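Residues per chain are reported as follows:
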Amino acid sequence: MFKNMAATMPGPEVLDCAGMTRADAFAVRQGVASLTLMERAGAGVAHAIMARWAPRPAAILCGPGNNGGDGYVIARLLRDAGWPVTVFSLGDVAALKGDAAHMAGLWTGAVKSLDSFKTERFALVVDALFGAGLSRLLDGMALKASRSLAERDCAVVAVDVPSGVNGDESGSEGACVKADLTVTFHRLKPAHLFHPARAACGEIIVVDIGIPDGWRQGAGALPEIVQLPGITLPDTGHDRAVHKHGKGRLCVLAGPPGATGAARLSAMAGLKAGAGLVTLLCPPASLMEAASASLAVMTKSIREDDFADTLSLHRPGALVIGPGAGLNETLKARVLAALSTGVQAVLDADALSVFADDPKALFAALHDRAVLTPHTGEFERLFPGLLDASASPLEAARAGSQQSGANVLLKGPATVIAHPDGRVAVNIHASGRLATAGSGDVLAGIIGALMAQGIAPFQAARSAAFLHGEAGYHLPPGGTAEDLLAVIPAALESLGREQERLLTLNRLGR
Ligand SMILES: NC(=O)C1=CN([C@@H]2O[C@H](COP(=O)(O)OP(=O)(O)OC[C@H]3O[C@@H](n4cnc5c(N)ncnc54)[C@H](OP(=O)(O)O)[C@@H]3O)[C@@H](O)[C@H]2O)[C@@H](O)CC1
Ligand SMILES: [K+]
């Protein structure tokens, strides 16, 4: 889905539109002319177009602000390269101001009114109507143009964001342009990461427009894209001195009879992700079912009323609680008991939903050694209305983490990991093949295994999301959660090798 992004992404941070404006102003204070930034932005789009398409009749739709200014640069550079180009303007060209007026002045061809734009005359259309300055829903000529683009089979390239999409937001109430390629500048914006806005972007390229180092000063903790050099993997070496107890002990709570599969997936994932010892804590009635289906995973019977005692007996480095656990008061009590011991814990599935009627009781017990792993439905149960009220899942997860006091990993095609201190990361390294039943149980087990091995919860959640995503790329078509377990070692190996290569290059100063 994010093909080629690694090669073109100049940096890992995500910037909102205000942050981008600040970075732009910083560049200008450092002596980079804003016209130079606009020229580089337009050149980046023009080069991306020429790298993908041979010359063909192209329409450049220019808006009333600087997004339109970029459009005039693109028109000039494509025409200079021999492309047949027609420019359409939304509004009067004479009304343009500043850099956009300057760039329009360098365009020596005709400028037609957007009203006369007919999609069928063009094989490629550049959408330079609105970018970061979008302030209301599309209407009038812009709305008409976006609709006519949707009806025709011509290539559409969006400048910065597809017009109608607000760069800070994952969704839009109104219509927007649907692009095949979106070229943005300096850093990704939230809209490039989250559906449905992301789906309107098509392929995404980030162009470096030469904003000087130092632009981060005073920007606070920016959300970042999880990347391989920044994750922590378990030690998978051949050191013979290592004992299984020294490689991390993980406990997983099993559910009632007939529903132990989810916890068994988590437990197996924990072993595959390097935990030395994994124990399924089973209600007595589930013991035989769990034991007969497990080989390397240990099984232990637990009593109804002594979950904190059970944990102090097994002294796990981390606990996974929730997958297939059953929605009942016993589970609620066990979650609260586990949290009261201070053990590092992954709360997944039923351990979240069981608090739908009283999330505050959960929040009062949570701490930053816990990781909540909701999908959007579970998130809504714990934080009613927060997703809708937030510009994007990024903001929602950050707010959810601060409200609850725990790390929150909000699952989706782009998974957000938030720490209560305000740090946020987004994992986009994930195959669509992960969208299969039980995949979340596997993720919970991997997070638990990494925490049990001494990796701090926020870092464990970031790293596990990336490793789980990598395992998805090793899955054959039609792969199930069981198949996902089987490819975790291969995923660990390939990431370990690549990380070592990057570290070596770094040491050599490359
Ligand atoms: N920052 C940087 O580093 C760089 C930025 N660059 C480029 O600048 C772009 C941002 O430019 P920008 O701020 O001028 O905003 P832009 O999107 O052109 O629109 C503003 C105009 O549209 C109008 N308007 C808005 N919504 C409307 C609607 N629905 N329907 C009708 N009108 C609407 C709005 O009117 P107003 O709201 O003021 O009434 C205003 O007149 C950015 O995306 C990137 O492409 C590059 O050059 C590289 C360096
Ligand atoms: K645009």
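The structure displayed is predicted, hence computed values, not measured ones.

Enquirer: What exactly am I supposed to notice about the site of ligand 1 here?
Expert: Near ligand 1 you find 20 residues, and of these Asp 70, Gly 131, Ser 135, Arg 136 and Asp 160 are the closest. Within the side chain of Asp 70, an N or O atom sits 2.6 Å from an oxygen atom of ligand 1. Here Arg 136 contributes a backbone N or O atom positioned 2.8 Å from a nitrogen atom of ligand 1. Contact with the protein chains covers 76% of the free accessible surface of ligand 1, which is 950 Å². If you tally residues by element for the shell around ligand 1, the top one is helix 4 (residues 66-80), at three residues.

Enquirer: Help me understand the sheet that holds strand 17 (residues 424-427), please; the structure alone is not making it clear to me.
Expert: Across a sheet, paired strands are connected by hydrogen bonds in the backbone, their directions being either parallel or antiparallel. Strand order across the open sheet formed by ten strands is 8-17-16-15-14-13-12-9-10-11, with mixed pairing between neighbours. The sheet is open, and its two borders are formed by strand 8 (224-225) and strand 11 (298-301), each paired with just one other strand. Both strand 9 (residues 249-253) and strand 12 (residues 318-321) contribute to a ladder of three bridges, which runs parallel. Of the residues in strand 12, the one forming a bridge with Cys 251 is Leu 319. Together, strand 9, strand 10 (277-282) and strand 12 form the strand contacts of helix 8 (residues 261-272), whose direction differs from that of strand 10 by roughly 165°. Its contacts with the sheet place helix 16 (residues 393-404) against strand 14 (370-372), strand 15 (407-410), strand 16 (415-418) and strand 17, and it is angled at close to 150° to strand 15.

Enquirer: Explain the coordination of the potassium ion (ligand 2) to me, please; I cannot follow it from the model alone.
Expert: Reference values for angles at a metal are 109.5 degrees in the four-donor tetrahedral case and 90 or 180 degrees in the six-donor octahedral case. Taken together, the protein ligands of the potassium ion (ligand 2) are Asn 67 (OD1), Asp 127 (O), Phe 130 (O), Val 159 (O), Val 161 (O) and Ser 163 (OG), with distances of 2.6 to 3.1 Å. Seen from the potassium ion (ligand 2), its six donor atoms lie at angles of 65 to 168°, and the figure they make is irregular. When the donors of the potassium ion (ligand 2) are listed by position in the chain, the intervening gaps give N-x59-D-x2-F-x28-V-x1-V-x1-S. Residue Asn 67 is found in helix 4, and its partner Ser 163 is found in the loop between strand 5 (155-159) and strand 6 (181-185); the two are separated by 96 residues along the sequence. The same class applies to Asn 67 and to Ser 163, which are both buried.

Enquirer: Explanation requested: helix 19 (residues 481-507) in the structure shown.
Expert: Counting along an α-helix, one turn takes 3.6 residues, and residues three or four places apart therefore face a common direction. Here helix 19 contains 27 residues, and its C-alpha end-to-end distance of 38 Å stays within 8% of the 39 Å for a straight helix at 1.5 Å per residue. The sharpest bend along helix 19 reaches about 40° and sits at Val 487, with the proline Pro 489 one to four residues further on. Listed in full, the buried residues belonging to helix 19 are Ala 481, Leu 484, Leu 485, Val 487, Ile 488, Ala 491, Leu 492, Leu 495 and Gln 499. Tucked into the core, helix 19 has its buried residues touching helix 8, helix 17 (439-452) and helix 18 (457-474).

Enquirer: Teacher, can you tell me more about the sheet that holds strand 4 (residues 124-128) here?
Expert: The strand order across the open sheet formed by seven strands is 3-2-1-4-5-6-7, and the pairing between neighbours is parallel. With one partner strand each, in any of the chains shown, strand 3 (111-113) and strand 7 (203-207) form the two edges of the open sheet. Taking the axes of each pair of neighbouring strands and ignoring which way they run, one obtains an average angle of 25° across the sheet. Two elements, strand 6 and strand 7, share five bridges in a ladder whose sense is parallel. For Phe 185, the partnering residue across the bridge sits in strand 7 and is Val 207.

Conventions and cut-offs
Residues numbered from 1 in each chain as written. Chains lettered and ligands numbered in written order. Predicted model: local features only at pLDDT ≥ 70, side-chain atom pairs only at ≥ 80, totals over all residues. Heavy atoms only, no water. Near = heavy atom within 4 Å. Polar contact = N/O pair within 3.5 Å; in protein donor to acceptor, adjacent residues only side chain to side chain. Areas by Shrake-Rupley, 256 points an atom, 1.4 Å probe, with all protein chains shown as cover. Helix = DSSP H or I, 4+ residues; strand = E, 2+ residues; numbered from the N terminus. Pairing = 2+ DSSP bridges. Contact = heavy atoms within 4.5 Å. Axes fitted to C-alpha atoms, helices over the stretch in contact; angles between N-to-C directions. Donors = N, O, S within 2.8 Å, 3.2 Å for Na, K, Ca; no water. Tetrahedral: all angles 85-135°; square planar, octahedral: opposite > 155°, others 65-115°. Buried < 20%, exposed > 50% of the residue type's maximum accessible area, 1.4 Å probe, protein only. Expected span 1.5 Å × (residues − 1). Bend = angle between axes of the 7 residues up to and from the residue.

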